[in-house]
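Analysis of the macromolecular model
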Amino acid sequence: MPVNVVMPQMGESVIEGTVSKWLKKIGDAVARDEPLLEISTDKVDAEVPAPAAGILREIKIPEGQTVAINTVLAVLEGEAEAPAPVREAPAAPAPVAQAPTTTAAPAEIAAAAPLAPAAGTAEPESEAGLRTSPVVRRLAQEHNVELRQVAGTGQGGRVSKKDLLDFLEKRAAQPAQAAPVSAQPAAAPAAKAAPATITASVASAPSAAAASSGAVEIVPMTIMRKRIAEHMVMSKRTSPHVYSVFQADVSRIAKLRDAQRREFAERSGLKLTFMPFFCLAAVEALKQFPILNASVQQDSIVYKRDINLGIAVALDWGLIVPVIKHAEEKNFLGLQRGVTDLAERARSKKLAPDEVQDGTFTITNYGIYGGLYGLPVINQPQVAILGVGGIHKTPVVVDDAIAIREIVHLTLSFDHRIIDGSVADQFLARIKEMLEDWDRPLL
């Protein structure tokens, strides 16, 4: 019998996904649980395995199209079976091109696609009986927007996330609008179709083809790249970023790692890296300075009791931040195991959606490529991010003499709305102290 391959639900709040790549062609034989295609959601990229062995007879959804969960993506049949008529799935919604936005919004909101009620589920109602998703209601609350003011383009006038983001972008541009066209010099005949008003602050962007007179290649952004772009712009608009850079001598750690790496690998089965040293030091500093493990909610500060440590992982196709949940409960070995496991599964697209959510503080290690230090962007709705540079042998002054030491630069990007420079520097000083005077067991 024919077997339908459907869009899976990759998390409780995920109700749609995009077909990124078909790994098989029509007519190919597939084994049960063999990767059939790759999908991309607002939470994570993943492979979809074949639900049964057979022949790929039909691909219903092409690459690049976004459809709701449970939509039939393809049809499999046993090799000996003749093709059977397949019941057509309801028409999938056409993909909506999401325009880049510079709207300030929390990270978990910026990373989510416009939500619609899942099949068979009643959608909650918001103010004045308007039907919206939890994401839209939370975004509206963050920006003090009455949803009655937003024109909904969804079914029955439903307000989607895109509707609300468009509304916020227009509202942000209103103070900068210039006078009507009638107050300007007469326009050339070719411009007679121009809108009634001219926005002085936003110029029409030239087309990609017109941006260069030479040979160009235009490549659409991937779903992940669009989400990263939106998230980064939103973060810079939301938080007034301030930076502090400290220099730490990690010679003791480097020697300890060299001396114990073989024993560590034999007893734990894991490669001993530098990252858990920085993770454990950050966790201890966060316990002492909990304001850096908080978030901002309108005029309130939300202190997080759990320390959920996000570890930025660079992939060939983008950047993802899996989260070590309850990092405050883990010892050095537990943190090394968490870092290794999440990084490996991120690169193989095996992460679950809840493993990239609910982070409270992030560490990014750009030093792996030799970088000295950087100025990372805060991962909203968090209020700080720690950047770890490369570890380099450096001449420094020790007891009035020149010595060669293993030096790392640590950068803290913090939200100046709730974190002052003195607190940020004390936080970094605590991390520096732990790294330079390391006394924690590794096993």
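What counts and what doesn't
- Residues numbered from 1 in each chain as written.
- Predicted model: local features only at pLDDT ≥ 70, side-chain atom pairs only at ≥ 80, totals over all residues.
- Heavy atoms only, no water.
- Pairing = 2+ DSSP bridges.
- Helix = DSSP H or I, 4+ residues; strand = E, 2+ residues; numbered from the N terminus.
- Axes fitted to C-alpha atoms, helices over the stretch in contact; angles between N-to-C directions.
- Core = buried A, V, L, I, M, F, W, Y, C linked by side-chain atoms within 4.5 Å.
- Buried < 20%, exposed > 50% of the residue type's maximum accessible area, 1.4 Å probe, protein only.
- Contact = heavy atoms within 4.5 Å.

**Looking at the sheet that holds strand β4 (residues 35–40)**
The strand order across the open sheet built from four strands is β5-β4-β2-β7, with neighbouring strands paired in antiparallel fashion. Across the chains shown, the open sheet's two edge strands, defined by having one partner strand only, are β5 (45–49) and β7 (66–68). Across the sheet, the axes of successive neighbouring strands diverge by a mean angle of 40 degrees, strand direction being ignored. Two elements, strand β2 (residues 16–22) and β4, share four bridges in a ladder whose sense is antiparallel. Directly across from T18, in β4, lies its bridge partner S40.

**Describing the sheet that holds strand β3 (residues 29–30)**
In space, the four strands of this open sheet follow the order β1-β8-β6-β3, with antiparallel pairing throughout. Each of the sheet's edge strands pairs with one partner strand only, and the pair in question is β1 (3–6) and β3. Strand direction decides the pairing type here: β3 and strand β6 (residues 54–59), joined by two bridges, are antiparallel. Counted as the bridge partner of A29 is I55 from β6.

**Quick notes on the nonpolar core**
Membership of the largest hydrophobic core comes to 75 residues, with the highest contact counts inside it found for L309, F361, I363, L410 and L435. When residues of this core are assigned to their parent elements, the largest contribution, 10 residues, is made by helix α6 (residues 275–288). Apart from the residues within four sequence positions on either side, L309 is in contact with C279, V283, L286, P322, V323, I324, A327, F361 and I363. If you look at the next biggest cluster of nonpolar residues, it comprises 11 residues, including V136, V145, L164 and L165.

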